[in-house]
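Listed below are the residues making up each chain.
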Amino acid sequence: MRLGQSDVVLVTGGASGLGAATVRSAVDHGASALIVDLPSSPGQQLAAELGERVRFAAADVRDEDQVQAAVEAATQLGTLRVVVNCAGVATPGRVISTRGVLSLKTFQTVIDINLVGTFNVLRLAAATMIDNEPLDGDRGLVIMTASAAAFDGQIGQAAYAASKGGVASLTLTAARDLADKAIRVMTIAPGVMETPMMASLPGETKSILEALVPHPKRLGRPEEYAMLASAIIENPLLNGEVIRLDGALRMPPR
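Attention here is on the structure that accompanies the text.

How each quantity is defined
Residues numbered from 1 in each chain as written. Predicted model: local features only at pLDDT ≥ 70, side-chain atom pairs only at ≥ 80, totals over all residues. Heavy atoms only, no water. Salt bridge = Lys/Arg side-chain N within 4 Å of Asp/Glu carboxyl O. Helix = DSSP H or I, 4+ residues; strand = E, 2+ residues; numbered from the N terminus. Buried < 20%, exposed > 50% of the residue type's maximum accessible area, 1.4 Å probe, protein only. Core = buried A, V, L, I, M, F, W, Y, C linked by side-chain atoms within 4.5 Å. Contact = heavy atoms within 4.5 Å. 1 Å grid on protein atoms, 1.4 Å probe; cavity = no way out; pocket = protein on both sides within 12 Å on 5 of 7 lines; lining within 4 Å. Points joined across faces, edges and corners; volume = space filled by probe spheres on them. Nonpolar A, V, L, I, M, F, W, Y, C, P; charged D, E, K, R; others polar. Expected span 1.5 Å × (residues − 1). Arc of directions from axis to C-beta. Polar contact = N/O pair within 3.5 Å; in protein donor to acceptor, adjacent residues only side chain to side chain.

### A word on the pattern of salt bridges
So, point 1. All told, the structure shown has ten salt bridges when counted by the stated rule.
So, point 2. In this structure, the salt-bridge partner of Arg-123 is Glu-64, at a minimum N-O distance of 3.2 Å. Here Arg-123, found in helix 4 (residues 104–129), pairs with Glu-64, found in helix 3 (residues 64–77); they are 59 residues apart in sequence, far enough to count as distant.
So, point 3. Residue class for Arg-123 comes out partly exposed when judged on its relative accessible area of 33%.
So, point 4. Taking the shortest distance from any N to any O, the salt bridge between Arg-250 and Asp-246 comes out at 3.3 Å.

The structure is reproduced here in structure tokens:
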């Protein structure tokens, strides 16, 4: 699909990191954008910075009514063509550690945000996209975000790896479910990226992570995630697939 100003890209977690880079890319490529993020996020400031073709909608991806309201806000901007799911958390915790057994609440919260929240956005966005007139053969596209942890879960990533593994497994079946509606579904699985979460780590930890990446030997940049999202939007044959974006990284146990 080649998007224009009347086409809207909705990005969850769009106020920072991978999501913010994707919003900027969408605008640079001529589309309009809706930033969906928590009320406490800098989403409103980013929307004001990027101009009249960008709006902010506060929403928790787990909340059906809030996500539905965000989808409706996107349709006020134009035709909702693309959704990019970047909202997520990476709460660490071993199944059993020196602090005891990992709490069920902690595990459920990560699953609810990363997997259930992603599915909530997918289903509600798709329900709106089915009424679109096809553009270059597609009524819409949903891009989800998994992680290298979906395949190489490290010690302490039980909840995170399970949630992202769920997103990876959802990709093909959702693409098959929505194929007769002319809606594509794809997933990007990033490795270690320069996100606000990574920025909080000590410099030594970041150096260790960079050394793990075969080539290029550095953290991934949010702009590179956005570049891949743009390529997926433009290539109509990309459907039902998980693409690793990790410089050939395969995470060790710890």
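What follows picks up the thread again.
### Overview of the nonpolar core
So, point 1. Counting 34 residues, the largest nonpolar core has Leu-10, Leu-34, Leu-80, Val-83, Leu-122 and Val-185 as the members making the most contacts within it.
So, point 2. If one sorts the elements of this core by residue count, helix 4 sits on top with seven residues.
So, point 3. Residues within four places of Leu-80 in sequence aside, it is in contact with Val-8, Leu-10, Val-71, Ala-74, Ala-125, Met-129, Asn-132 and Arg-139.

### Section: the layout of surface pockets
So, point 1. Quantified by volume, the second largest pocket comes out at close to 170 Å³.
So, point 2. In terms of lining, the second largest pocket is formed by 14 residues, of which the most central are Leu-3, His-29, Ser-230, Ile-233 and Glu-234.
So, point 3. Breaking the lining of the second largest pocket down by element, the ones donating at least two residues are helix 1 (17–28) and helix 9 (222–234).
So, point 4. Ranked by residue count, the leading element in the lining of the second largest pocket is helix 9, at five residues.
So, point 5. Grouping the amino acids of the lining of the second largest pocket by side-chain chemistry returns eight nonpolar, four polar and two charged.

### Remarks on helix 3
An α-helical turn contains 3.6 residues, so any two residues separated by three or four positions project in the same direction.
So, point 1. Taking 1.5 Å of rise per residue, 14 residues should cover 20 Å, and helix 3 covers 21 Å from first to last C-alpha, within 8% of that figure.
So, point 2. Among the residues of helix 3, those classed as buried are Val-67, Ala-70, Val-71 and Ala-74. The arc that holds the buried residues of helix 3, viewed along the axis, is 100°, so those residues lie on one side. Of the exposed residues in helix 3, those oriented more than 90 degrees away from the buried face are Asp-65 and Gln-76.
So, point 3. Considering only its buried residues, helix 3 is in contact with strand 1 (7–12), strand 2 (32–37), strand 3 (54–58), strand 4 (79–85) and helix 4.
So, point 4. Backbone nitrogen of Asp-65 and a side-chain oxygen of the N-cap are separated by 3.0 Å at the start of helix 3; the cap is Asp-63.

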